[in-house]
Every structure is written in C-alpha cells, then in structure tokens.
Amino acid sequence: MSRSSTPPSDRHCAPRPPHTPDRPEPSRAPEPSRAPETPDAPDSRPEPDGPKAQGGQDARTAITVFVALGANLVIALAKAVGGVFAGSPALLSEAAHSVADSLNEVFLLASLKRSKREPDEQHPFGYGKERYFWALLAAVGIFVMGGCFSFFQGAEALSAGTSEDHSGYLVGLGVLVLALIAEGSSLVRALFQVRGHAREAGRGMAAELRRGDDPTLRTVLAEDSTACLGVVFALLGMWLHMVTGEVAYEATASFMIGALLVYVAYRLARESRGQLIGEAIDPVQRRELRRFLEGQPEIDTVTGLLTMRLGNDSTLVAARVDLFPGLDSEEVEEILVRVKTAMAEIWPHADQIFLDVTDASARDRAKAREDRQALDETVAAVEREDLGA
C-alpha cells in the first residue's frame, strides 16, 4: 500500500479539517476525483512553510545551544579556578556542573546534525530519533558528572573541612555572581525560543514546557534553569560559611546542587526513554486525525488509529478503516490515495501514512466507540490542565 511522500514540516502547525458532504448511500459509489474543500476554521493559524519552518526552528535551537555552550565553557573555567583558590566545595560542585553542561551541549549539537540525515535502507523512517538518543546521553552526563561529583564534594567537605581564607571566598562569590549573570542570559534566550514555539502551537508557556516536542531545546532550558538555581545555592552556602565559619553550610549547598541535578537528569532521561521506545502524538491531534477519517464520505468506521513520533518533523500514522460497501478495488485504491494526500496536506509532519481496509465486526465497532470516548476524555483532561496553567 502506498504512503504519502509529502515533505515533513512542523508538528505544531494547526490543521484545518476539510468540509465533507453527507455520506452517500452505500449502493452509490463516491466520486474519487472530488477533492475535499478546506475552508478556514475560526481558530486556524498560519501554517509554516514546510521544511523551511522546521529548518528555521533548528537554526534558532542551534544558536541557543551555542550561546549556552559558550557561556558554560567560560563559567566552568572561572568556577574551577575560583573553587581551587577559595577551597570551596560548593564552587567546585558548580564547576563540575558547568563542565557537564558543556559536554551535554556538544551532544545536543551532534543531535541536531545527525537527526537530519536522509532515510536509507537500514533506517527507512529516517534518523529523527537521534535527538532523543543524544538527549538521553545528556541526561546521563548531568547525573554522573554533575550530580555524583556534587555529592562527593559535599561529603569531602564535611569530613575534611575547608580553608577559612575570606579573601579567597570573596573571589569565589564574585565568580558566582558573574556566572549567575551569564547563565541568566542563556536562560532568557532559551525562554524566548520556548515562547515562540508556544505562540506557534497556540498554547501557553506552561503547556509548551510540558508538551513541547523538541528534546534539544527542553534539555538546554533544563540545564540553564538548574544552573541558575545551583549558583544561588552555592552563593548562599559560601556566604553562610563566611558569616558563621561552619563548613556544613557549603556541604549542604553541594548536596542540594547534587540532588537538583539528579532530579533533572531523571526527568530528562524518563522523557527521552519514552520517546525512544515510541510515543503517540499529542491527543488533540490524534482526535483531529480520527475525526477527519470518520468524516470522509466513503469511510464507515475507523476501527483503529495508531500514531508514533519518529522525530520533531516526522510522524507515523497507521489506521484501519471499514469502507461502505459497493466499491470495487480500483475505486478503493483511488479513495485511499485521495484521503492520504489530503491528510498529508493538512498535517505536513505526517509523512508516513498507512491505511488498511478491513471489514469491521460488531466487536470492532464497539471497540472503536470506546476508543473514541477515551480519546475525548483524554483531550478534555489536557485542555483542563492547560487552562489551569
């Protein structure tokens, strides 16, 4: 069975379901040459220009990663020198954090390049999931290089104690203030890009952070956010150590930095794991796909609909449909080609579409009704969550 070859585009584009006439009588074959009309929906938004839109987003993401990489390399060196000079475990923990972030950003840049490779014989669906793999490696790097080293520094500070040279600590505090400014600038850049993605998707910032599809941008945002919070922990720990002379405050700051990094690594790894295994697309879009198929005059029942994200700009859609009787094999093929072409035009990211014609039993029809009701409930829950955000 053929599949559509329409080039992929941004998954956030708003579909515009076409108007379809009333279903014909089963005995009358539909006109296969009639293309579905596509009037503008009241809430429709401008669609991006196919591959150019995704390429532009990738370029902006690459700039965001480069900004974060440059900031982290400079900050890592400053923190390491300041940490050795001051003998500060909290500052050394932050240096390890910045080194981990720098290595992770190299991983993320590799993912942007490798995920755009063309499909080949061994990978017929392309390399879009490369982003999820490299994001998983970045999460492991945060856990090992950042979290574990921070716990080690905190334990060592409690057992060995540190220098009370306040002049060194003043240098360390100055380094941390500069690091906070640099990390904050990188965070602002990432937040601006997230806001742009949210505006294109027609949802709020909080919803975009929960449901955004770009693991590279999500990882950079998580790194920058934890970096800023980690610097705040280190500043408080060093300042309290200077005021009280108790090294336990800095050790506690190191433990807090380590716990923060471990938590962030766990969340990023969990999301990457789900995407590598294979996740369905957004439930709102799944419902739109199902409604589009059910609205076709030749389709009686959609007995099954499966979707899977193959990358940021690639989606697999597989559906089992039961057609009205009275159609010969040539008409069935023409109908399937027309329906798949219309789907690819409305949802450009759905570049792998497979329709399987099957005879629906009473059990299949009941299961289809249950699936449709469950999907409606899921979408309603998502919409309530978005409104609450």
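Residues numbered from 1 in each chain as written. Predicted model: local features only at pLDDT ≥ 70, side-chain atom pairs only at ≥ 80, totals over all residues. Heavy atoms only, no water.

## Let's talk about the nonpolar core
Judged by nonpolar contacts, the single largest core of 25 residues is most densely connected at Leu-176, Met-238 and Leu-268. Sorting the residues of this core by element identifies α1 (51–86), α2 (89–114), α3 (130–160), α4 (166–201), α6 (215–244) and α7 (248–277) as the ones contributing at least two each. Setting aside anything within four residues of it in sequence, one finds Met-238 in contact with Ser-88, Ala-90, Leu-91, Tyr-169, Gly-172, Leu-173, Leu-176 and Glu-250. Listed in part, the 24 residues of the second largest apolar core include Ile-281, Leu-293, Leu-327 and Ile-335. (Core = buried A, V, L, I, M, F, W, Y, C linked by side-chain atoms within 4.5 Å. Buried < 20%, exposed > 50% of the residue type's maximum accessible area, 1.4 Å probe, protein only. Helix = DSSP H or I, 4+ residues; strand = E, 2+ residues; numbered from the N terminus. Contact = heavy atoms within 4.5 Å.)

## What about the sheet that holds strand β1 (residues 299–311)?
Pairing within the open sheet is mixed, and its three strands lie in the order β1-β2-β3. Each edge of the open sheet is held by one strand with a lone partner, namely β1 and β3 (352–357). Mean inter-strand twist for the sheet, computed between neighbouring axes without regard to direction, equals 15 degrees. As paired elements, strand β2 (residues 314–323) and β3 share six bridges and run parallel to each other. When the bridges of β3 are listed, Val-317 appears paired with Ile-353. (Pairing = 2+ DSSP bridges. Axes fitted to C-alpha atoms, helices over the stretch in contact; angles between N-to-C directions.)

## A short note on the pairing of β1
Across a regular strand the side chains alternate sides, sitting on one face of the sheet and then on the other. Burial runs high along β1: 10 of the 13 residues are buried. Note: β1 against β2, 10 bridges, orientation antiparallel. For Thr-301, the partnering residue across the bridge sits in β2 and is Asp-322. In this structure, the hairpin formed by β1 and β2 is closed by a connection of two residues.

## A word on the side chain of Gln-153
One can find Gln-153 in helix α3. Judged by relative accessible area, Gln-153 falls into the buried class, the value being 7%. The contacts of Gln-153, once residues within four sequence positions are left out, are Pro-89, Leu-92, Ser-93 and Ser-254.

## What to know about the environment of Asp-58
If you trace the backbone, Asp-58 turns up in helix α1. With 159 residues separating them along the chain, Asp-58 and Leu-217 place their C-alpha atoms 9.5 Å apart. Contacts of Asp-58, omitting those with residues within four sequence positions, involve Leu-112, Lys-116 and Arg-131.

## Things to note about helix α9 (residues 329–346)
Helix length check: α9 (18 residues) gives 26 Å between terminal C-alpha atoms against 26 Å at 1.5 Å per residue, within 8%. Every buried residue belonging to α9 is among Glu-331, Val-332, Ile-335, Leu-336, Arg-338, Val-339, Lys-340, Ala-342, Met-343, Ala-344 and Ile-346, and all of these are buried. The secondary structure elements touched by the buried residues of α9 are α8 (283–294), β2 and β3. Sitting at the amino-terminal end of α9 is Asp-328, which places a side-chain oxygen 3.2 Å from the backbone nitrogen of Glu-330. (Expected span 1.5 Å × (residues − 1). Polar contact = N/O pair within 3.5 Å; in protein donor to acceptor, adjacent residues only side chain to side chain.)

## Structural notes on α8
For an α-helix, 3.6 residues make a turn, and residues three or four places apart therefore share a direction. A rise of 1.5 Å per residue sets the reference length of α8, with its 12 residues, at 16 Å; its end C-alpha atoms lie 16 Å apart and thus fit the reference within 8%. Listed in full, the buried residues belonging to α8 are Pro-283, Gln-285, Arg-287, Leu-289, Arg-290, Phe-292, Leu-293 and Glu-294. Capping of α8 at its N-terminal end is provided by Asp-282; its side-chain oxygen lies 2.8 Å from the backbone amide nitrogen of Val-284.

## Focus: the confidence of the model for the protein
Predicted confidence across the protein gives a mean pLDDT of 78, with 80% of residues reaching 70 or more. Mean pLDDT across the secondary structure elements of the protein bottoms out at helix α5 (residues 205–211), with 68, and peaks at β3, with 94. Within the model, pLDDT remains below 50 along residues 1–51, and this stretch shows 110 contacts once partners closer than five positions in the same chain are excluded. (pLDDT = per-residue confidence, 0-100.)

## Considerations on the packing of α6 against α7
Remark: α6 packs on α7, axes separated minimally by 7 Å, with the N-to-C direction vectors making an angle of 170 degrees. What the angle tells us is that α6 and α7 run roughly antiparallel. Looking at side-chain class alone, the contact of α6 with α7 contains 15 nonpolar, seven polar and three charged residues. (Parallel < 35°, antiparallel > 145°, perpendicular 65-115°, else oblique. Nonpolar A, V, L, I, M, F, W, Y, C, P; charged D, E, K, R; others polar.)

## Some remarks on the packing of aromatic side chains
How two aromatic rings sit relative to each other is set out by the distance from centre to centre and by the angle between their planes. Counted by the stated rule, this structure contains five aromatic pairs. Centroid distance Phe-107 to Trp-134: 5.6 Å. Interplanar angle 45 degrees. Geometry classified as tilted. One end of the pair, Phe-107, is in helix α2; the other, Trp-134, is in helix α3, and 27 residues separate them in sequence. Across this residue pair, the class does not change: Phe-107 and Trp-134 are buried. Each ring, one from Phe-133 and one from Trp-134, has its centre 5.4 Å from the other, and the planes form 75 degrees; the classification is edge-to-face. Its relative accessible area of 16% is what places Trp-134 among the buried residues. (Phe/Tyr/Trp six-rings, centres within 6.5 Å; stacked < 30°, edge-to-face > 60°.)

## Some remarks on the pattern of salt bridges
For the structure on display, the rule yields 14 salt bridges. Note that Arg-338 and Glu-298 form a salt bridge whose closest N and O atoms lie 2.3 Å from each other. Of this pair, Arg-338 sits in helix α9 while Glu-298 is found in the loop between α8 and β1, placing the two residues 40 residues apart along the sequence. The exposure classification of Arg-338 matches that of Glu-298, with both residues buried. In this structure, Asp-322 and Arg-365 form a salt bridge, with 3.1 Å as the shortest nitrogen-oxygen distance. Highlighted residues: Asp-322 in strand β2 and Arg-365 in helix α10 (residues 362–388), separated in sequence by 43 residues. Connected through salt bridges with shared partners, the residues Arg-287, Arg-291, Asp-376 and Glu-383 form a single ionic network. (Salt bridge = Lys/Arg side-chain N within 4 Å of Asp/Glu carboxyl O.)

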